[in-house]
Amino acid sequence: MKMKYIILSILFLTLVSSCDDDFLERFPLDTIVDQNFWQSESDLKLYANSFYGTYIEGFDNSLSQRNPWGYQGSTIPYADLHSDNAIPQNVSAAPLINDLYVQPSATGSGGWSWQNLRALNYFLVNYTRGDIAANIRNIYAGEILFFKTMEYFDKVKLFGEVPWYSKPLETDSEELYDARTPRAELMDSVLSIIDKAISYLPEAGSEENGRINKDMALLLKARVCLFEGTFRKYHPELGLDGTKFLQNAESASAELIGSGNYAIWQTGDPANDYHNLFVQEDYSNNSEVILYKEYSDGLLGHGFLRYFLWNQAENVVGFSKSLVEEYLCADGLPISTSPLYLGDDSLQSEMTNRDPRLTQTVCYPGQYALDPNMSGSFMARGKGYNGEMPGIRGTGEEFPSPTGYWPAKFWKNDQTEANVINTGVMPCPIFRFAEVLLINAEAHAELGSCTQGVLDQTINELRNRVGMPDLLLSSLPTDPDLDAKYATNCGYTPSDLIREIRRERRVELAWEGSRWDDLVRWKAGGLLLIPEAIGGMKFNQYQYPSVNVGSDVFVDNDGYITPYQNSLPVGRTFDEVKQYYFPIPTEEIVINSNLTQNPGWSSN
């Protein structure tokens, strides 16, 4: 059964939301929860419910700034602003990768907040107090362990090593002054709790409607283990072997593949199926979506489509030239070697003869129009300036794309949905079977066990949806341009197989918030430095007669739009020693002298 999630109004939310973020100013949880609380299944369910809104996010928080990332809106899709996939109009929406991040000082700031973990641990030390059958209470413990895995995974990605806490801490707890837990021990603990969650959670289809099941936990495990396994491989300075985690990523994803519960969703329409996957009204019978968030008119809604791409200035967005270049041509070859590539002189030529996912992710001129009765920015941003070319500065578009590459993925031609402010009901896919296939292929490739059978079961299933040629071990394409970018900016060149699996991942998961994590684990932050990572389309004066170069838009010597020519005149800088992690707030280090700061950041 797929996740159908509707947030209920829960008075118990005060337990996790009413207190300040600072550990040292927390009231003990046992003064909030009555001593008789833990006596029934409904008590456990009520407690677990309060975390669903936090961790199963969907299209929520459309006007909220993400701390510490800097962009506004939900992780799907806006986390890609913090990567080389998408470019916000203002560099302040991606401060870390633009080396503009201001190190926080206050305790509990900058992502170094532990209130959710404290509440999760509080459940884990109390849920066995009542006379509730073990098979019942363990279901809710499995949910809490699932969320605890998410919490720690996020912390590790932000800060690297962090303290491991197995119980709720009070103001006098000695553990408040713990040092960071060594990464090997820390990630073994994370692996242990997600394994326990998998053992506790019900089989897919047997869970109560709208709740976490075993398959969702298996995907989370596969995601965590692929991250950790590849992180250890490409960050050899850690001195840690990632083989165990890669094997776990492969086995968890293989279990999902072998279950037969899921398949790539398609209707036989390669020109539209990929785009249509992300704009459906209901995922309850979708073969691909493992976890999604459902909304309901009058109970829980959002304004995602209304604010899509123009949530104040920070989220006026364009995809990067770097992303667009990575899509293969229709013959399965990269643009650097394919005779089908028609060049960049116009968007039309650039997007012709390419992987069909390109024109279902990036708006092709004249496509994805809203209802013609609509006017203003809604219509223009949906179908492009004047019904043809995407709106850029100088065209009169209210929210112009900084690059000319307008996102079309998640854009739905629905006038009613686009009109509402906070009552939208378009559901949000969160976990997809496509990711399972990508994890399995990459884990096999990194372990040296990838066969043609593996590729046919994974990568080629994704390509089949859009009518692209199979990836064949016997004739892997070369891509001298992309290899040179890896060699120059990352200090290594992946094998042809791993490069193509990475390409497939970037293309398939674009605008779903995973790209930064991939750059980090591959130690490929140097790809942020290439001009195309902060560049746009080639400017064509004929197609934009009203646009003035040098005032409306800026272009480089080859004629490509450079959105940050003024704000980043020499391009990005990226310090690999510093910018893979966020800093710990300085006051935390003052209070706890056992904490050490991340390299490159100030300790005081």
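Everything quoted here is computed from the prediction, not taken from an experiment.

Q: Hey, could you run me through the overall build of the chain in this one?
A: If you tally the helices and strands in the chain, you get 22 helices and 4 strands. The burial tally for the chain puts 62% of its 604 residues in the buried class. Counting only contacts in the chain whose residues sit at least 6 apart along the sequence, the fraction spanning at least 24 positions is 72%. Taken as a whole, the chain presents about 21,800 Å² of accessible surface, with 48% of it coming from carbon and sulfur.

Q: Please clarify how the pattern of salt bridges should be interpreted in this entry.
A: Think of it this way: side chains of opposite charge can pair up when their charged atoms draw near. Tallying each qualifying case throughout the model produces 42 salt bridges. Asp154 is paired through a salt bridge with Lys157; the nearest N and O atoms lie 3.7 Å apart. Of this pair, Asp154 and Lys157 both sit in helix H5 (residues 134–159), 3 residues apart, which is roughly one turn of that helix. The exposure class of Asp154 is partly exposed, given its relative accessible area of 37%. Overall, Lys157 belongs to the buried group, its relative accessible area being 15%. Arg465 serves as the salt-bridge partner of Glu508, at 3.1 Å between the closest nitrogen and oxygen. Highlighted residues: Glu508 in helix H20 (residues 496–508) and Arg465 in helix H18 (residues 459–466), separated in sequence by 43 residues.

Q: What is the right way to look at the confidence of the model for the chain in this model?
A: Any segment with low pLDDT has predicted coordinates that should not be analysed in fine detail. When pLDDT is averaged across the chain, the result is 90; 90% of the residues are at 70 or more. Here helix H1 (residues 14–17) is the element of the chain with the lowest mean pLDDT, 39, and helix H16 (residues 433–447) is the one with the highest, 99. For residues 1–28, every residue scores under 50 in pLDDT, and the model assigns this stretch 85 contacts once sequence neighbours within four places are set aside. Note that residues 371–386 has pLDDT below 50 and, in this model, 42 contacts with residues that lie over four places away or in other chains.

Q: How should the pairing of strand S2 (residues 289–293) be read in this particular structure?
A: Residues in a regular strand point their side chains to alternate faces of the sheet. Here S2 lies mainly inside the structure; 5 of its 5 residues are buried. Inspection of the sheet shows S2 paired to strand S4 (residues 428–432) by 4 bridges, in the antiparallel sense. Bridge pairing links Val289 to Arg432 in S4.

Q: I would appreciate a short explanation of the packing of helix H2 (residues 41–55) against helix H4 (residues 115–124) in the present structure.
A: A pair of packed helices can be characterised by two numbers: the angle between their axes and the separation between those axes. Contact geometry for H2 and H4: axes closest at 11 Å, N-to-C directions at 155°. In this view, H2 runs roughly antiparallel relative to H4, as classed from their interaxial angle. Crossing of H2 over H4 shows left-handed handedness. Packed against H2, whose contacting residues are Leu44, Tyr47, Phe51, Thr54 and Tyr55, the element H4 presents Asn116, Ala119, Leu120, Tyr122 and Phe123 at the interface. Taken together, the residues of the contact of H2 with H4 break down into 8 nonpolar, 2 polar and no charged.

Q: What is the right way to read the packing of aromatic side chains from this model?
A: In this description, a pair of aromatic rings is defined by centroid distance and the angle of the planes. Per the counting criterion, the structure on display carries 37 aromatic pairs. The interplanar angle of 40° and the centroid separation of 5.2 Å between the aromatic rings of Trp38 and Tyr47 together place this pair among those described as tilted. We note that Trp38, like Tyr47, is buried. Ring plane angle 90° and centroid distance 5.5 Å describe the contact between Trp114 and Tyr165, whose orientation is recorded as edge-to-face. Of the two residues, Trp114 is situated in the loop between strand S1 (86–88) and H4 and Tyr165 in the loop between H5 and helix H6 (183–200); the sequence distance between them amounts to 51 residues. On the basis of relative accessibility, which here comes to 7%, the residue Tyr165 falls in the buried class. These aromatic residues form a ring-pair network of at least three members: Phe37, Trp38, Tyr47, Phe51, Tyr52, Tyr55, Tyr122, Phe123, Tyr127, Phe146 and Phe147. For Lys409, the ring lying beneath its charged end belongs to Phe278, and the centroid distance is 4.3 Å.

Q: Help me out: how do you make sense of H2 in this one?
A: Taking 1.5 Å of rise per residue, the 15 residues of H2 would be expected to cover 21 Å, and the 22 Å separating its terminal C-alpha atoms lies within 8% of that figure. Where H2 is concerned, the buried positions are Asp43, Leu44, Tyr47, Ala48, Asn49, Ser50, Phe51, Tyr52 and Tyr55.

Q: What exactly am I supposed to notice about the environment of Val436 here?
A: With respect to the helices and strands, Val436 occurs in helix H16. Accessibility expressed as a relative area gives 2% for Val436, which makes it buried. Along the backbone, Val436 and Glu250 are 186 residues apart, and their C-alpha atoms lie at a distance of 9.3 Å. Apart from residues lying up to four places away in sequence, Val436 is in contact with Leu219, Ser253, Leu256, Ile257 and Ile290.

Q: For this particular structure, what's the right way to read the nonpolar core?
A: Nonpolar side chains tend to gather and get buried jointly when the protein is soluble and globular. Residues Phe123, Phe146, Phe147, Tyr152, Phe431, Trp511 and Trp516 are the most contacted members of the largest nonpolar core, which totals 165 residues. Ile87, Val91, Tyr564 and Leu568 belong to the second-largest nonpolar core, a separate cluster that totals 5 residues.

Q: How should I be thinking about helix H19 (residues 480–490) in this particular structure?
A: Because an α-helix completes one turn every 3.6 residues, residues spaced three or four positions apart along the sequence face the same direction. Where H19 is concerned, the buried positions are Leu482, Asp483, Lys485, Tyr486 and Cys490. For H19, the angular spread of buried residues about the axis comes to 155°, placing them on one side. Turning to H19, the residues buried within the fold contact helix H11 (321–326) and H20. One or two positions beyond H19, positive phi appears at Gly491, with a value near 80°.

Q: What exactly am I supposed to notice about the packing of H5 against H6 here?
A: Two elements in contact, H5 and H6, have axes whose closest approach is 8 Å; the angle formed by their N-to-C orientations is 150°. Classified by the interaxial angle, the pair formed by H5 and H6 is roughly antiparallel. In the crossing of H5 with H6, the sense of the turn from one axis to the other is left-handed. On H6, the residues that touch Asn138, Ile139, Ala141, Gly142, Leu145, Phe146, Lys148, Thr149, Tyr152 and Val156 of H5 are Arg183, Leu186, Met187, Val190, Ile193, Ile194, Lys196, Ala197 and Tyr200. For the contact of H5 with H6, the per-class residue count stands at 13 nonpolar, 3 polar and 3 charged.

Q: What should I look at first to understand unusual backbone geometry in this one?
A: Leaving glycine aside, a negative phi is the common case for residues, and trans is the common case for peptide bonds. A cis geometry characterises the amide bond from Asn67 onward to Pro68, with omega recorded as 5°. Locating Pro68 in the fold gives a position in the loop between H2 and helix H3 (75–78). The omega torsion of the bond from Ile76 to Pro77 falls at 10°, within 30 degrees of zero and hence cis. Residue placement: Pro77 occurs in helix H3. Non-glycine residue Phe410 carries a positive phi angle of around 80°. Considering the arrangement of structural elements, one finds Phe410 in the loop between helix H14 (377–383) and helix H15 (415–419).

Conventions adopted
- Sequence order as written defines residue numbering, which begins from 1 separately in each chain.
- Since the coordinates come from a predicted model, pLDDT governs what is reported: local features require at least 70, and pairs of side-chain atoms require 80 or more to be given and counted, while whole-chain, interface and lining totals use all residues.
- Computation of side-chain values covers all heavy atoms of the structure but excludes hydrogens and water.
- By the criteria applied, helices consist of DSSP H or I runs no shorter than four residues and strands consist of E runs no shorter than two, each listed in order from the N terminus.
- Exposed residues in this analysis have more than 50% of their type's maximum accessible area, buried residues have under 20%, and partly exposed residues fall in between, with area computed by a 1.4 Å probe over protein chains only.
- Residue contacts are defined here by distance: any two heavy atoms, one from each residue, within 4.5 Å place the two residues in contact.
- Only the protein chains shown count as cover for residues, and the accessible areas themselves come from Shrake-Rupley with a 1.4 Å probe.
- Throughout this description, the term salt bridge denotes a Lys or Arg side-chain nitrogen within 4 Å of a carboxyl oxygen of Asp or Glu.
- Confidence of the predictor at the level of single residues is given by pLDDT, which spans 0 to 100.
- Here a strand pair is declared whenever DSSP counts at least two bridges between the two strands.
- Every angle, taken between N-to-C directions, lies between 0 and 180 degrees, and every axis is a line fitted to C-alpha atoms, over only the stretch in contact when it is a helix.
- Our angle categories are set so that under 35 degrees counts as roughly parallel, over 145 as roughly antiparallel, 65 to 115 as roughly perpendicular, and the remainder as oblique.
- Handedness of a crossing follows from how the near helix is turned relative to the far one, being left-handed for an anticlockwise turn of less than a right angle and right-handed for a clockwise one.
- Each residue gets one of three labels, nonpolar for Ala, Val, Leu, Ile, Met, Phe, Trp, Tyr, Cys and Pro, charged for Asp, Glu, Lys and Arg, and polar for the others, Gly among them.
- Two rings belonging to Phe, Tyr or Trp (six-membered ring only in the last case) form a pair when the distance between their centres is within 6.5 Å. Interplanar angles under 30 degrees mark stacking, angles over 60 mark edge-to-face geometry, and anything in between is tilted.
- Geometrically, a lysine NZ or arginine CZ counts as sitting over a ring once it is within 6 Å of the ring centre and also within 35 degrees of the ring normal.
- Here, expected helix span is obtained from the residue count minus one, scaled by 1.5 Å.
- Buried residues of nine kinds, namely Ala, Val, Leu, Ile, Met, Phe, Trp, Tyr and Cys, make up a nonpolar core once their side-chain atoms join them within 4.5 Å.
- Note that the arc is defined by the directions from the helix axis to the C-beta atoms.

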